[in-house]
Structures are given as structure tokens and as C-alpha cells.
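Listed below, chain by chain, are the residues.
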Amino acid sequence: MRASKTLTLALAAVATIAASVGVSAHRMDEYLQAARFGIDPDRVELQLDLTPGVAIIDSIVREIDRNNDGTISSIERDAYVGAVLVDLSLSLDGRALRLDPAASTFPDVDALRRGEGVIQLRATAPLSHVANGVHSLAFKNMHRRNLSVYLANALVPSDDRVAINAQHRDEAQSDLTIEYTLRGNRAPAKPLWPLGLFAAMAALSVVLIRPLLN
Amino acid sequence: MDRRFRTAALTGAALCALLATTLVAQRAATPPANSIAGATAQIVTASQAVLAALDAAGRAKVQFPFDSPQKQKWSNLPSPMYQRDGVRLTDLTAAQRESIMKLLQVALSAEGYHKVRDIMKGDEVLRTSSSGAGRGGRGPSFGELEYYLAFVGTPSTTAPWTLMFGGHHLAINLTMAGSQATMAPSLPAAQPASFTVEGRTVRPLGDENDKAFALINALDAAKHKQAILGSRVADLVLGAGQDGRTIQPEGIRASALSAAEQAQLWDIAREWIGIANDAFAEPRMTEIKSHLNDTFFAWSGPTTNGSAAYFRIQGPTLVIEYAPQNTVDHIHTIYRDPTNDYGAKIARK
């Protein structure tokens, strides 16, 4: 009875939003999946933002809120993260990498139904014994391909030993290959000797000029 | 008689001298209106006029602490889908709304003010027109009065504060800190992207579109190939909610363009940078041009004007994206400074 009432209210809410917003609003019938990759010498981090349109939200909420109680429990959240990660593949130089969930945030069901909610996932893959040189990180997103539009990008590396050379994608951006170069050492810090030399010269000038002023 | 005349003359001379000294001193203390500090002072005065026009409840609604999360509360979505805070135009009297429009006229350039007004008029078209209704546009969520003003921090000529104005398809976030200012991040968007008002065709983002198509079509085959991305970009990559992220730049380097092509590129960027008061825009243009070697222009989609195509201009202190939403009649754009969004750099000083 309660589930039926919740479903009725949810359908009414979707109908209201759809009627007032129509196609004039934003990405009504698509699931936007935006992936970003941060590459470090010893690990890769995936940030994945999932934004379901209000016209398809029912099917997405059904997958997440499995007991249909209108809230997303930690068990349901973890299960959905796991289901998404299963549909992703990541490899380095042809060798498969395992993506481990690191963090996730879910908006409440009402926010999702309003079309406002963004589900944010973070997952990491450790990289061990990666040699210096050029590497190829390949990503494939097969989650809800029937509904989705994709974005996939490399972030500017935070470690200067990593330099992105190129990004290659398929037309839909569900596949992304990032070519990058790993260098062994950090770029040398800016030398401090010019500053020291300037300070020494300033001190010497004071010593030499002071007698002339007296 | 002579004595009284002498006294009056001396008093008059003394008063004139005092007045002249005061005027000179004021001129020395008041920065010229075309400087950043001068423009900020004018905006502060206009903001204080808004505050004076509001009642106590309105003043409480419009004001937020500078370090509050309010500054990140903006979106391209209409208000029922995304709840904004601040004072909403539709809840105000005509005089109060007028004071806000005067503030925007001071804070923005003439072109920027027209662009903002055109974006708002587009939302009014969504609300009222039969075409809008046909697309589901009728309803309380759209309209030129569904826009919000907020002050994040107290309007000041010295301390940092942000003027936020926005609603559906619009977010203007203008942060000022004494003699420095930034309008990043801001989101001008449009739907419909072309409409008629009193017999005049209005295209809020028409110049951005046309100038970008002109540039991509000016490039020779080799440059064209470098600029084109081999994939569809369905939406903004660094839109609302993407603060603090910097993606790897792609496309053709600005330094690989001819001088004429570079001028076209900067002219496109000016469409966003020039929304702000001219005093803010000019130094910003100089700054982005100084990063010529590290600025990129990327394109995705058809290159025939009238088609839906995405483009991006990205440099160390600049991100501009233009992203049609499956159609030329619905455009999202974003303007960012990865080093200075919300005045991160200038508010520290």
C-alpha cells in the first residue's frame, strides 16, 4: 500500500515536472555520464558524475532504491556503485586494472526526481612498477548505453612527473584512451642561489655605503 | 563699510580656498570611474541603493557572508529544479526591481547588460509564447522576473564581496576586491537562442556563435585538423558544480594561429569577458593574451554555421565552453578562471 502510494506520488511529481518543463529544460531523456581521470605515477583516480534526466529517472531510481522506500541506504548506495563499476573497464598498456570504490555521494530521491541530483563516484586503481616512458590508459564505459551520453577527459596531472600527450575518444566519448609520459624525477625546484646572491650584494652595499654617509 | 567688505571678501576667499582644497582632495581620493577601483566604487554605491530600497526582510534575504557556500549556489536549471537564494525579482516592487537593473547597468558593460536582458527576455518567451508553451514552457518556473540577486559579503570598495545575479540559463558572479575584480565563474546561456521581440530578432549568444564559426572556417586544412576533436561533446565539461577542476587542454594552440586568426580568437573570448564593466574587462583581456602559447581552441561538430557545434577556449587562467544541447536553439556556455574562480586569488590578498 505504502509502496503503491509512493509510486503514485513519484509518477505525479515526474508528470508535473515534465509538463511544466517539457523538452525546454535540460537533458530530459538521457543519462549524462561525465568521467574525469587524474593520473599519478602510482595510481589512477576516476571521478564519475552521473546525471539522470527526469524522464528516465524512474528506471534509475528503481535500480538504486531497491526496496522502494524513498530513501537510499548505504547498502543500496554501495550496490549501485558496484553495478556501475562492473560496467566500466580500465587498462594500462593493455593490462586490466581494477577500479576500487573510494567515495560516493548520492542526492536524495526527491532531488533526483526534480532532475537536480548528481550522483558522484570516485574510484581508484593502483599502478605498480610502471616504468618511465610513454603509456596508454584505456577506459570504456558500458553503463546504461541505451540511455546515456558520455563525456570523458583527463585532468591536468597534479604530479609534474606525469605529462598528458594525447587523448583519443570514440564519437560518443564512451571510450577514452589517454597517452601519457611518466618521468622518473620531479622537475627540479627553482634554484634559490640568485636570491641569496642578491641579498649578499645588498648587505655588502650597505656596509660599503654607510661610511660615506657619516 | 570698507571693513565689512574686506571681511566678507576674506571670508569668501577662505571658503573658496576650502572648497577648492576639498575638491582637489576628493579628486585625489576618488579613483577614476574607468579604473577597477572606480568601477567598484560605483557598483558599491548602486548596491547600497538596492539595499536602501529593500525592506528589512529583503535585506536579510539578499545578504550572505563572504565565506558562505552561497557563492557556489548557481545553476543553468530553472528555479523549481534548482533552488536559489537571495531576492527574486518577481517578489519585489517596481522601484526595487528598478534599483537592481540600475545596479546591473553599472556592474556590466553596455553589451553585457543587453546580453543579460536578452537572456531574461528569452526566458519570458519560454513562459509566454505559444512555441514555448508547446515545448512545455508555460508555467511559473520561467519568465524574466524569475531571477535572483544576492550579495555574498558586504558591498565594499576594499574588502572582497561578490554580486550574484542569476536564474534559468544565467549566472553572473562578479567578485570585487578593491582594485581587482573577476567575473569567473559565470554562465550565460540561451533558450530559445533566437526569438523576436517587437519585430526585432534577438540572439543573446548570436555573436559568440557567428564569430566562432567564422574562426573555424578561416583555418586552413592543417590548422582545422588540429582544432577539431574527434568526438561529440554533448554538454559543458566544466559547467555548474565543477569548481576546482582543470581538464587537459586540447585543440590548436593560439600561437599556431596567424595574427588575424588570433585576433578573431580574442574577439570571441571578449564576448564573455566583455560582459563585465569595461574597467574589469580590459585588464582581463590583456592578461589572457599574455598566455598565447598555452591557450587552445578546440571544436566539436559540424562547421557550417547554423549547425549545433561545441567549442572551447582554454588557457592557464581561462576556460570558455559553448555547448549546444542537441539543438541550435538551446545553448549552454561557461566562463571560468581556474586560478581565480570566485576571486580565490584576489580575495586572499
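Provided above is the structure to which this section pertains.
Every value quoted in this text rests on a predicted model; they were computed, and no experiment measured them.

## Some thoughts on the overall build of chain B
Okay, step 1: If you tally the helices and strands in chain B, you get ten helices and 14 strands.
Okay, step 2: Burial analysis of chain B (349 residues in total) assigns 53% to the buried set.
Okay, step 3: Considering only residue pairs separated by 6 or more positions, chain B has 63% of its internal contacts joining residues 24 or more positions apart.
Okay, step 4: Summing over all exposed atoms, chain B offers an accessible surface of approximately 14500 Å²; the carbon and sulfur share of this is 56%.

## Things to note about the environment of Ile-119 of chain A
Okay, step 1: By secondary structure assignment, the location of Ile-119 of chain A is in strand E6 (residues 119-126).
Okay, step 2: The residues touching Ile-119 of chain A, leaving out its near neighbours within four places in the chain, are Tyr-31, Leu-48, Asp-49, Leu-50, Ile-64, Tyr-80, Thr-105, Phe-106, Pro-107 and Leu-112 of chain A.

## Comments concerning the interface of chain B and chain A
Okay, step 1: In this complex, chain B contributes 36 residues to the contact, which on the side of chain A involves 31 residues.
Okay, step 2: In this assembly, chain B packs against chain A so that about 2600 Å² is buried in total across both faces, 48% of it on carbon and sulfur atoms.
Okay, step 3: In terms of surface lost to chain A, no three residues of chain B exceed Met-81, Arg-245 and Gln-248 of chain B, which account for 25% of the buried area on that side.
Okay, step 4: The salt bridge involving Arg-245 of chain B is made with Asp-49 of chain A; its shortest N-O contact spans 3.8 Å.
Okay, step 5: If you look at where chain B meets chain A, you find eight residue pairs in polar contact (both at pLDDT 80 or more).
Okay, step 6: Of the residues contributing to the side of chain B that touches chain A, the split by class is 13 nonpolar, 16 polar and seven charged.

## Remarks on the side chain of Glu-124 of chain B
Okay, step 1: Checked against the element boundaries, Glu-124 of chain B lands in helix H5 (residues 110-128).
Okay, step 2: Taking the relative accessible area as the measure of exposure, Glu-124 of chain B reaches 16% and is therefore buried.

## Quick word on the environment of Ile-331 of chain B
All names here are of chain B.
Okay, step 1: You can see Ile-331 is positioned in strand E14 (residues 331-336).
Okay, step 2: Considering only alpha carbons, one finds Ile-331 and Ala-193, 138 residues apart in sequence, at a separation of 6.8 Å.
Okay, step 3: In this structure Ile-331 touches Ala-189, Ala-190, Ala-193, Leu-205, Tyr-322, Ala-323 and Pro-324, once residues within four positions along its chain are discounted.

## A few points about the sheet that holds strand E7 (residues 133-141) of chain A
Residues and elements named next belong to chain A.
Okay, step 1: Taken together, the five strands give an open sheet; going across it, the order is E4-E3-E7-E10-E9, and neighbouring strands pair in antiparallel fashion. Looking at which strands have only one partner, the edges of the open sheet turn out to be strand E4 (95-97) and strand E9 (162-169). The average undirected angle you get between the axes of adjacent strands in this sheet is 25°.
Okay, step 2: Pairing geometry for strand E3 (residues 88-92) and E4, over three bridges, is antiparallel. The residue of E4 that forms the bridge with Ser-91 is Ala-96.

## Considering the packing of aromatic side chains
Residues and elements named next belong to chain B.
Okay, step 1: By the definition in use, this model includes ten aromatic pairs over all chains.
Okay, step 2: Plain terms: the ring middles of Trp-272 and Phe-311 are 6.2 Å apart, the flat faces sit at 80° to each other, and that makes the pair edge-to-face. Within this pair, whereas Trp-272 is found in helix H9 (residues 259-273), its partner Phe-311 is found in strand E12 (residues 310-315), the two being separated by 39 residues in sequence.
Okay, step 3: Residue Trp-272 is classed as buried on the basis of its relative accessible area, which comes to 0%.
Okay, step 4: Put simply, the rings of Phe-213, Trp-272, Phe-297, Trp-299, Phe-311 and Tyr-322 pair up and form one aromatic cluster.
Okay, step 5: The ring of Phe-66 has Lys-71 sitting right over it, with the charged end atom 3.6 Å from the ring centre.

## Concerning the nonpolar core
Okay, step 1: With 69 residues, the main nonpolar core has Leu-149, Leu-163, Phe-165 and Phe-297 of chain B as its most contacted residues.
Okay, step 2: The leading source of residues in this core is helix H2 (residues 36-53) of chain B, at seven residues.
Okay, step 3: Residue contacts for Leu-163 of chain B: discarding those within four places in its chain leaves Ile-43, Leu-103, Leu-104, Ala-107, Leu-149, Ala-150, Phe-151, Ile-172, Asn-173, Leu-174 and Met-176 of chain B.
Okay, step 4: The next biggest cluster of nonpolar side chains, apart from the first, holds 42 residues, and it includes Tyr-31, Leu-85, Leu-112 and Leu-176 of chain A.

## Points about the sheet that holds strand E2 (residues 43-52) of chain A
Residue and element names in this part refer to chain A.
Okay, step 1: The strand order across the open sheet built from five strands is E5-E6-E2-E1-E8, with neighbouring strands paired in mixed fashion. The sheet terminates laterally at strand E5 (100-105) and strand E8 (148-154), the two strands that pair on one side only. In this sheet, adjacent strand axes meet at a mean angle of 15° when their direction is disregarded.
Okay, step 2: Inspection of the sheet shows strand E1 (residues 31-40) paired to E2 by ten bridges, in the antiparallel sense.

## Things to note about helix H2 (residues 57-64) of chain A
Okay, step 1: Along H2 of chain A, the positions that sit buried rather than exposed are Ile-57, Asp-58, Ile-60, Val-61 and Ile-64 of chain A. Looking straight down H2 of chain A, one finds its buried side chains confined to an arc of 165°; they lie on one side.

## With respect to the pairing of E14 of chain B
Residue and element names in this part refer to chain B.
Okay, step 1: Across the six residues of E14, six count as buried, placing the element largely inside the fold.
Okay, step 2: Residues Ile-331, Thr-333 and Tyr-335 point to one face of E14 and His-332, Ile-334 and Arg-336 to the other, with burial holding for every one of them.
Okay, step 3: Pairing of strand E13 (residues 318-324) with E14, which is carried by six bridges, proceeds in the antiparallel orientation. Looking across to E14, one finds that Pro-324 is bridged to Ile-331.
Okay, step 4: In textbook terms, the turn of a hairpin is the stretch between consecutive antiparallel strands, and for E13 and E14 this stretch comprises six residues, one of which, Asn-326, has a positive phi near 75°.

About the thresholds
Residues numbered from 1 in each chain as written. Chains lettered and ligands numbered in written order. Predicted model: local features only at pLDDT ≥ 70, side-chain atom pairs only at ≥ 80, totals over all residues. Heavy atoms only, no water. Helix = DSSP H or I, 4+ residues; strand = E, 2+ residues; numbered from the N terminus. Buried < 20%, exposed > 50% of the residue type's maximum accessible area, 1.4 Å probe, protein only. Contact = heavy atoms within 4.5 Å. Areas by Shrake-Rupley, 256 points an atom, 1.4 Å probe, with all protein chains shown as cover. Buried area = accessible area lost by both parts, 1.4 Å probe. Salt bridge = Lys/Arg side-chain N within 4 Å of Asp/Glu carboxyl O. Polar contact = N/O pair within 3.5 Å; in protein donor to acceptor, adjacent residues only side chain to side chain. Nonpolar A, V, L, I, M, F, W, Y, C, P; charged D, E, K, R; others polar. Pairing = 2+ DSSP bridges. Axes fitted to C-alpha atoms, helices over the stretch in contact; angles between N-to-C directions. Phe/Tyr/Trp six-rings, centres within 6.5 Å; stacked < 30°, edge-to-face > 60°. Lys NZ or Arg CZ within 6 Å of the ring centre and 35° of its normal. Core = buried A, V, L, I, M, F, W, Y, C linked by side-chain atoms within 4.5 Å. Arc of directions from axis to C-beta.

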